[in-house]
Amino acid sequence: EDQVTQSPEALRLQEGESSSLNCSYTVSGLRGLFWYRQDPGKGPEFLFTLYSAGEEKEKERLKATLTKKESFLHITAPKPEDSATYLCAVQATGGGTSYGKLTFGQGTILTVHP
Amino acid sequence: GAGVSQSPSNKVTEKGKDVELRCDPISGHTALYWYRQSLGQGLEFLIYFQGNSAPDKSGLPSDRFSAERTGGSVSTLTIQRTQQEDSAVYLCASSPLSGYQETQYFGPGTRLLVL
């Protein structure tokens, strides 16, 4: 069974204090790993997709990296507007039965104080 | 362009009533997914549509849950005889083709409260 574990559950940072969020996963075969941001009362907003170990992607203050067992979302010099829940999800090969469904972690609630 | 839309945004119902939740995917998107997000459970897959057919219904929690998609576009998720444990946010997502390695774009969700 595919599993995704995110840590920490919650993270409080001061503005400008860089940190990282962790996503550990177990899948039979990885088709892709996805990062989403979710603001209260809204649907998840796509950030990144990573497909193979060693891959990195960046967007503004965010950088996502991938190994064979985990992914990190690095936040550099965060601002209060980066406060949100960050969700990690995997899409498994699963033979012919996965049909692209995503298996999500529980998320990390990030709060950035001014 | 327009994103995924869902209606209603909020629904309050009494235990035992039936409810219908609607999803309008991004125009032209072939793949459509329903997920459920409840406190302490995270986001859970419910059902996947490819066009009008549903090859993966493995996430539907009971036979009270059903879904259909017509014209390869709009989808409706129906919950019969609602129970309090059905209270959650129901999210719809779409992707351009098969869904494999494609970004899934989410709608704002329908918040369902069963009293």
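Before any of the text, the structure's been laid out above.
Keep in mind that this is a model prediction, so the values were computed, not measured. (Residues numbered from 1 in each chain as written. Chains lettered and ligands numbered in written order. Predicted model: local features only at pLDDT ≥ 70, side-chain atom pairs only at ≥ 80, totals over all residues. Heavy atoms only, no water.)

Draft legend 1. Summary view of the sheet that holds strand S8 (residues 70-75) of chain A. Residue and element names in this part refer to chain A. Strand order in the open sheet formed by five strands is S1-S3-S8-S7-S6, and the pairing between neighbours is antiparallel. Two strands lie at the open edges of the sheet, namely strand S1 (3-7) and strand S6 (56-59), each paired on one side alone. Going from strand to strand, the sheet's axes swing by 15° on average, the running direction of each strand aside. Two elements, strand S3 (residues 19-26) and S8, share six bridges in a ladder whose sense is antiparallel. Bridge pairing in S8 links leucine 21 to leucine 73. (Pairing = 2+ DSSP bridges. Helix = DSSP H or I, 4+ residues; strand = E, 2+ residues; numbered from the N terminus. Axes fitted to C-alpha atoms, helices over the stretch in contact; angles between N-to-C directions.)

Draft legend 2. Broad picture of the pattern of salt bridges. Residue and element names in this part refer to chain B. One pass over the structure, following the stated rule, counts seven salt bridges over all chains. Of the charged contacts in the structure, one is a salt bridge between arginine 64 and aspartate 86, with a shortest N-O distance of 2.8 Å. In this pair, arginine 64 is assigned in the loop between strand S6 (53-56) and strand S7 (65-69) and aspartate 86 in the loop between strand S8 (75-79) and strand S9 (88-95), connecting sequence segments 22 residues apart. Considered together, arginine 64 and aspartate 86 belong to a single accessibility category, that of buried residues. (Salt bridge = Lys/Arg side-chain N within 4 Å of Asp/Glu carboxyl O. Buried < 20%, exposed > 50% of the residue type's maximum accessible area, 1.4 Å probe, protein only.)

Draft legend 3. Representation of the sheet that holds S8(B). All names here are of chain B. Taken in spatial order, the four strands line up as S1-S3-S8-S7 in an open sheet, and their pairing is antiparallel. Looking along the sheet, the strands with just one partner apiece sit at the ends: strand S1 (5-7) and S7. Neighbouring strand axes in the sheet, compared pairwise and without regard to direction, differ in orientation by 15° on average.

Draft legend 4. Here's a closer look at the nonpolar core. Counting 22 residues, the largest nonpolar core has A:Leu33, A:Trp35, A:Leu73 and A:Tyr86 as the members making the most contacts within it. Of all the secondary-structure elements, those providing two or more residues to this core are strand S2 (10-14), S3, strand S4 (30-38), strand S5 (45-50), strand S7 (62-66), S8, strand S9 (84-92) and strand S11 (108-113) of chain A. Core analysis: the second largest hydrophobic core is formed by 19 residues, B:Val19, B:Trp34, B:Ile79 and B:Leu112 among them. (Core = buried A, V, L, I, M, F, W, Y, C linked by side-chain atoms within 4.5 Å.)

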